[in-house]
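# Observations on the three-dimensional arrangement
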Amino acid sequence: MNTEFMREAIRLSIQNINDGNGGPFAAVIVKDGKIIARGTNRVTSTNDPTAHAEVVAIREACKVLGTFQLQGCEIYTSCEPCPMCLGAIYWARPDKIYFANTREDAALVGFDDLFIYEELSKKIDHRKIPTKQMMRNEALAAFREWEKKQDKISY
């Protein structure tokens, strides 16, 4: 745990507001004691709802390292990751996550992810956005091909 890395994430979150690029969120990814990637929230400036700070930082770190996983890395983020970012972080597999503001702090300034956490725990037919399964048998063909593939890269 390094306070300088968290200070950088916090500094970037404030700068992001002042630059008008998006919300008050930033993240840095550290490997071997050095920042290898920085990310700030760019949702409104890029019209990309997935351009959260953690996702932006993960994409940059993976480019820098030439890999799709971040073993040996730590993520410092200015706020507790939302459900989407937490999922992305788990897929990236860093060693540790450090955060400053809590999800409750974020909710107090208008970034309330509680409804997403609640939606995830509901049965599909009880979710707010209507969701219906279709064409499973046809779609299973892709999974059968994946299972047979000899040179696949697992992740």
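My aim in this report is to walk through the structure given alongside it, one point at a time.

Basis of the calculations
- Residues numbered from 1 in each chain as written.
- Predicted model: local features only at pLDDT ≥ 70, side-chain atom pairs only at ≥ 80, totals over all residues.
- Heavy atoms only, no water.
- Pairing = 2+ DSSP bridges.
- Helix = DSSP H or I, 4+ residues; strand = E, 2+ residues; numbered from the N terminus.
- Axes fitted to C-alpha atoms, helices over the stretch in contact; angles between N-to-C directions.
- Contact = heavy atoms within 4.5 Å.
- Phe/Tyr/Trp six-rings, centres within 6.5 Å; stacked < 30°, edge-to-face > 60°.
- Buried < 20%, exposed > 50% of the residue type's maximum accessible area, 1.4 Å probe, protein only.
- Lys NZ or Arg CZ within 6 Å of the ring centre and 35° of its normal.
- Parallel < 35°, antiparallel > 145°, perpendicular 65-115°, else oblique.
- Left-handed = near helix turned anticlockwise from the far one by under 90°.
- Nonpolar A, V, L, I, M, F, W, Y, C, P; charged D, E, K, R; others polar.

The next subject is the sheet that holds strand E4 (residues 96-101). Strand order in this open sheet of 4 strands is E2-E1-E3-E4, and the pairing throughout is mixed. Two strands bound the open sheet, and with one partner strand each, they are strand E2 (34-40) and E4. Geometrically, the sheet is characterised by an average inter-axis angle of 15° between neighbouring strands, direction not taken into account. Two strands pair when backbone bridges link them, and strand E3 (residues 73-79) and E4 are joined in this way by 5 bridges, in the parallel orientation. Along E4, the bridge assignment pairs Glu74 with Lys96. Seen against the sheet, helix H1 (residues 3-19) touches strand E1 (26-31), E2, E3 and E4 and runs at an angle of roughly 150° to E1.

Before going further, it helps to spend a moment on the packing of aromatic side chains. One pair of aromatic rings is described through two measures. These are the centre distance and the angle between the planes. The tally for this structure, following the rule as stated, stands at 5 aromatic pairs. For the ring pair Tyr76 and Tyr98, a centre distance of 4.6 Å and an interplane angle of 25° mean the geometry is stacked. With Tyr76 in strand E3 and Tyr98 in strand E4, this residue pair connects regions lying 22 residues apart in the sequence. For the pair formed by Tyr76 and Tyr98, the shared burial category is buried. Grouped by ring-pair contacts, the aromatic residues Phe5, Tyr76 and Tyr98 constitute a single cluster. Seen from the ring of Tyr117, Arg103 lies directly overhead, with NZ or CZ sitting 4.1 Å from the centre.

All right, on to the environment of Glu60 then. As for its position among the elements, Glu60 is in helix H3 (residues 53-65). Sequence spacing of Glu60 and Gly72 is 12 residues, and the spatial spacing of their C-alpha atoms is 16 Å. In contact with Glu60, other than residues within four places in its own chain, are Ala37 and Arg38.

Attention shifts here to the packing of H3 against helix H4 (residues 83-92). The N-to-C vectors of H3 and H4 enclose an angle of 25°; their axes lie 8 Å apart at closest approach. The angle between the axes of H3 and H4 places the two elements in the roughly parallel class. Here H3 and H4 pass one another in a crossing that is left-handed. When H3 is examined against H4, the residues Glu54, Val55 and Ile58 are found in contact with a partner set consisting of Met84, Cys85, Ala88, Ile89 and Ala92. The residue inventory of the contact of H3 with H4, partitioned by class, reads 7 nonpolar, no polar and 1 charged.

Purely geometric numbers; function is a separate question.
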